[in-house]
Amino acid sequence: MLPASVTVTLFFVIPVMMTFVFSFTTMSSDTGILGNRYIVTKATILDLTEHGIDAALVRQLGHKVFRFNDAGLAKIREIGLDSSLVKEIEEKLSGDEFASEKALFAALKQLINRPRSFKHRKAISKSVVNTITNQEFRTAAAFRAGLVANGIKVDDATFGQLLDLTNTSWRWTTDNYVELLASDFTFKILANTAFYVFFTLLFNVGFALVLALATFYMPSGQSKFFRAVWLIPRISPSVIYVMLWKWFTFDSGFMSYFLGSLGVEPENWLNEFPWTFVIIVNGFVGASMGMIIFASAVLAIPADVLRAAEVDGAYPMQQVRRIILPLMAWPILFITSYQTLSLLTSFEYILLLTDGGPGFFTTETWALNAYHTALSNYFGNLRYGFGATLAVVLVFFGVALSLLYLRLFDFKKLVAEPLIEN
Amino acid sequence: MEIRLEKFSKSFGPVNAIEDMDLAIGDGEMIALLGPSGCGKTTTLYAICGLHRVSAGRIWFGDREVTHLVPQERKVGVVFQSFALYPHLSTFENIAFPLQIRKESNADIERKVKDIANTLHIEELLGRRPGQLSGGQQQRVALARALVRRPDVLLMDEPLANLDAGLRLEMRSEIRRIQRESGCTSILVTHDQVEAMSMCDRIALMHKGKIQQIGTPDEMYHQPKNKFIAGFIGNPPISFADGVVEDGRFVAQGLSFELPDQIKGASVSAGQKIAIGVRPEYLQPDFATAIEGEVTFIESQGREILYDLKLGGGQIFRSIQSSEQTCKLGDQIHWGIDVNSVFFFDEQGVRL
Ligand SMILES: Nc1ncnc2c1ncn2[C@@H]1O[C@H](COP(=O)(O)OP(=O)(O)OP(=O)(O)O)[C@@H](O)[C@H]1O
Ligand SMILES: [Mg+2]
């Protein structure tokens, strides 16, 4: 009991909880996943004006002063310059201030022992520069101290605003959900997903049932052969299987070649009918599993029951509808819900086949979109928080659908009372 | 409706289950297919209802040849040995199934199901599923389902095998009564000879895929055609002994007696090897033809007592007596047999 609950918690409950937690953050590859960081960057300075921060303050924040005070001189001694140069700086520049790097460099040029290399000039500039720009602070207090050290005075309200605007780390937010609701793509992707799951499922389960029943009424040698053939998609590696399909539908592939001999112009058929192939490819993979379960379920029906149906006057179609299918309610429920969940959440075949294309979001499904958002973004900014939001919605749909299925198939009635009483 | 099998054969690959069987069953008659396990009873039944395709021969229902008809078109009610109720349907739906398949109106179905349920005393069970019924109840539901559409032919494959002794007795007469009332031609498969004798008009005794003899229970008992039938019918079973004909006498080790006239007159010749069969009730203390032996087994069956008598030649003869026990184990005694009731068989086992 204990190991089981630990495993369940560790590998199932915690990941879902974490996803839920992440969905309320702005985490992305820009923010990183560590805590607060306050930086005034050039970009933030532009932003500040837009957010109505006083122009004088903005100027101060962007302001740089090169000051040869004790702290600056101490740093210069650390660089490792010629001692004559250091001495000359101490003598001639101590207490000076320059408003720009250009002016500083000009002053350095006047020295007898002037630094030859750019590297050294830059090092001196860095030692004496005083600014808030591009300094990284881990706490609000440090940020405040930094401002004070640079002689920048802000009132508390403005400081609060500054904290907000300069914080480049992730934040708690519900904006992901708002964005999801507001986005034009949400509906498109939702519709894609529903379309994909419904039709693949139909193909899957329907085809599996037809195969199982057809092979049931076949001589045993033939049925074994057929079942083995239908297992091929399942057991071939997905990349190879999809490659075969791509080759098959390519504009110089087998299909075009074959249709070409009938006078049809060669086409990239996958681009022409993306959904058809997405559904067929996934359907074939899923059908084999359903077929195995269904075939064994049909064989588990007592032979005498089917014989009785036969002498009672039921022809094969009636036997299927009135005896076989009702007796297979459980496996059908199992396969349908299992396949729904796996179709909702797995996307590798679509990823390999169309990657959501052709064009924009044509075959993009929810899970694939979550993957694209969080882990493989075209824009380079991986949005972990928003991806987690997408995943949470997916989990929610999965649970809701499972409950619906149990309802639909009258779970309580299906579970026979145990024969062994406690 | 009359059922006729003409030269019916059935083989499963190399196995010949039935060979050249001829069988005619009269309209409204109930016949028992009796025989040891594996003799082909179920195979015959399945051929009649169409579940098995015949390998050769023809099957007739009255004037209609049904040899190549599918089971759905034969109008045969079958009670399977396993009952084969539909597990997902209630008793009512089980019984209604053959009617629903034929698209009868709901009112008709309701009425017919209620009727047959009344006859079989299962009205209270109509709402239950097979899993919630006892074996005997399931058996009656299976019978109801077979009878509800008034079949021309009723086939029952060991329907009573799963029942306890009391219920079996009750169902015997019940089935017979319903069969008489509905007047359908019936075949009852069983390997219980008492069941066959008490329920059916005639018995067809099968052995190794062949019908050995057809007749009334009485004929089977008193006029068996061969040694197999004599041995199969009768409980406690008949005792056999081998011997030869000498001077118009049957001679075996420790046993010799004058052959009755009708056997002497028949084609036995001196030196011919024959066998005799003596039913236990024809070996009694006071019968004429004396035999001598040792009592090796005594079993009291309540009203009757069963003895085994071992003769000088080692043959065991069985006797059943209704009087008080007259001897004890190990006693050497003289009893007698009724020669006129002894069966004589030639070397092939055919009765003389
Ligand atoms: N499907 C089959 N394939 C091969 N042989 C079979 C098949 N069905 C029956 N047989 C054989 O045919 C013979 C007759 O079988 P059948 O089932 O008719 O016996 P039965 O008289 O009903 O026996 P029981 O009293 O045990 O039910 C047996 O030897 C059996 O092994
Ligand atoms: Mg049988």
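Attention here is on the structure that accompanies the text.

Rules used throughout
Residues numbered from 1 in each chain as written. Chains lettered and ligands numbered in written order. Predicted model: local features only at pLDDT ≥ 70, side-chain atom pairs only at ≥ 80, totals over all residues. Heavy atoms only, no water. Buried < 20%, exposed > 50% of the residue type's maximum accessible area, 1.4 Å probe, protein only. Helix = DSSP H or I, 4+ residues; strand = E, 2+ residues; numbered from the N terminus. Contact = heavy atoms within 4.5 Å. Core = buried A, V, L, I, M, F, W, Y, C linked by side-chain atoms within 4.5 Å. Buried area = accessible area lost by both parts, 1.4 Å probe. Salt bridge = Lys/Arg side-chain N within 4 Å of Asp/Glu carboxyl O. Polar contact = N/O pair within 3.5 Å; in protein donor to acceptor, adjacent residues only side chain to side chain. Pairing = 2+ DSSP bridges.

Digging into helix α2 (residues 91–101) of chain B
Part 1 of the argument: Of all 11 residues making up α2(B), nine are buried, and the element is well covered by its neighbours.
Part 2 of the argument: Regarding α2(B), the residues found buried are B:T91, B:F92, B:N94, B:I95, B:A96, B:F97, B:P98, B:L99 and B:I101.
Part 3 of the argument: Against the buried residues of α2(B) lie α17 (303–311) and α18 (316–327) of chain A together with α3 (106–119) and α4 (135–147) of chain B.
Part 4 of the argument: Following α2(B) by one or two positions, B:K103 has its phi on the positive side, about 55°.

What about the nonpolar core?
Part 1 of the argument: A:F294, B:L155 and B:I187 are the most contacted members of the largest nonpolar core, which has 95 residues in total.
Part 2 of the argument: The biggest single contributor to this core is helix α16 (residues 274–299) of chain A, with 11 residues.
Part 3 of the argument: Residues contacting B:L155, with those up to four places away along its chain left out, are B:L45, B:I48, B:C49, B:V76, B:G77, B:V78, B:V79 and B:I187.
Part 4 of the argument: Among the nonpolar cores identified, the runner-up in size contains 45 residues, and B:A32, B:L99, B:L126 and B:V141 belong to it.

Focus on unusual backbone geometry
Residue and element names in this part refer to chain B.
Part 1 of the argument: Put simply, N235 and P236 share a cis peptide bond, and its omega is 0°.
Part 2 of the argument: Tracing the backbone shows P236 in the loop between α8 (227–232) and β11 (239–246).
Part 3 of the argument: Although it is not a glycine, A84 adopts a positive phi angle of roughly 50°.
Part 4 of the argument: When you line up the elements, A84 lands in the loop between β6 (76–79) and α2.
Part 5 of the argument: Taking relative accessible area as the criterion, A84 reaches 4% and is therefore assigned buried.
Part 6 of the argument: A positive phi angle, near 50°, is found at R150, a position not held by glycine.
Part 7 of the argument: Along the chain, the position of R150 falls in the loop between α4 and β7 (153–157).

Thoughts on the interface of chain A and chain B
Part 1 of the argument: On the side of chain B, 24 residues touch chain A, which itself brings 19 residues to the contact.
Part 2 of the argument: In total, about 1900 Å² of surface goes out of reach between chain A and chain B, with carbon and sulfur atoms giving 60% of it.
Part 3 of the argument: Interface area lost by chain A to chain B is led by A:V311, A:D312 and A:R322, which between them contribute 35%.
Part 4 of the argument: If you look at where chain A meets chain B, you find one salt bridge.
Part 5 of the argument: Residue B:R145 is joined to A:D312 by a salt bridge in which the shortest nitrogen-to-oxygen separation is 3.6 Å.
Part 6 of the argument: Here chain A and chain B share 11 residue pairs in polar contact (both at pLDDT 80 or more) between them.

Brief notes about the pairing of strand β12 (residues 249–252) of chain B
Residues and elements named next belong to chain B.
Part 1 of the argument: Of the two faces of β12, the one lined by F250 and A252 is fully buried and the one lined by R249 and V251 carries no buried residue.
Part 2 of the argument: Bridge analysis of β11 against β12 gives three bridges, and the strand direction is antiparallel. Pairing of V244 across the sheet is with V251, part of β12.
Part 3 of the argument: If you look at the hairpin formed by β11 and β12, you'll find two residues sitting between the two strands, and D247 has a positive phi there, around 55°.
Part 4 of the argument: Of the strand pairs in this sheet, β12 and strand β13 (residues 255–258) are connected by four bridges, and their pairing is antiparallel. Bridge pairing links R249 to E258 in β13.
Part 5 of the argument: In this antiparallel pair of consecutive strands, β12 and β13, the connection spans two residues, and G254 shows a positive phi of 75°.

From the geometry alone we can't say anything about function, so treat these as descriptive.
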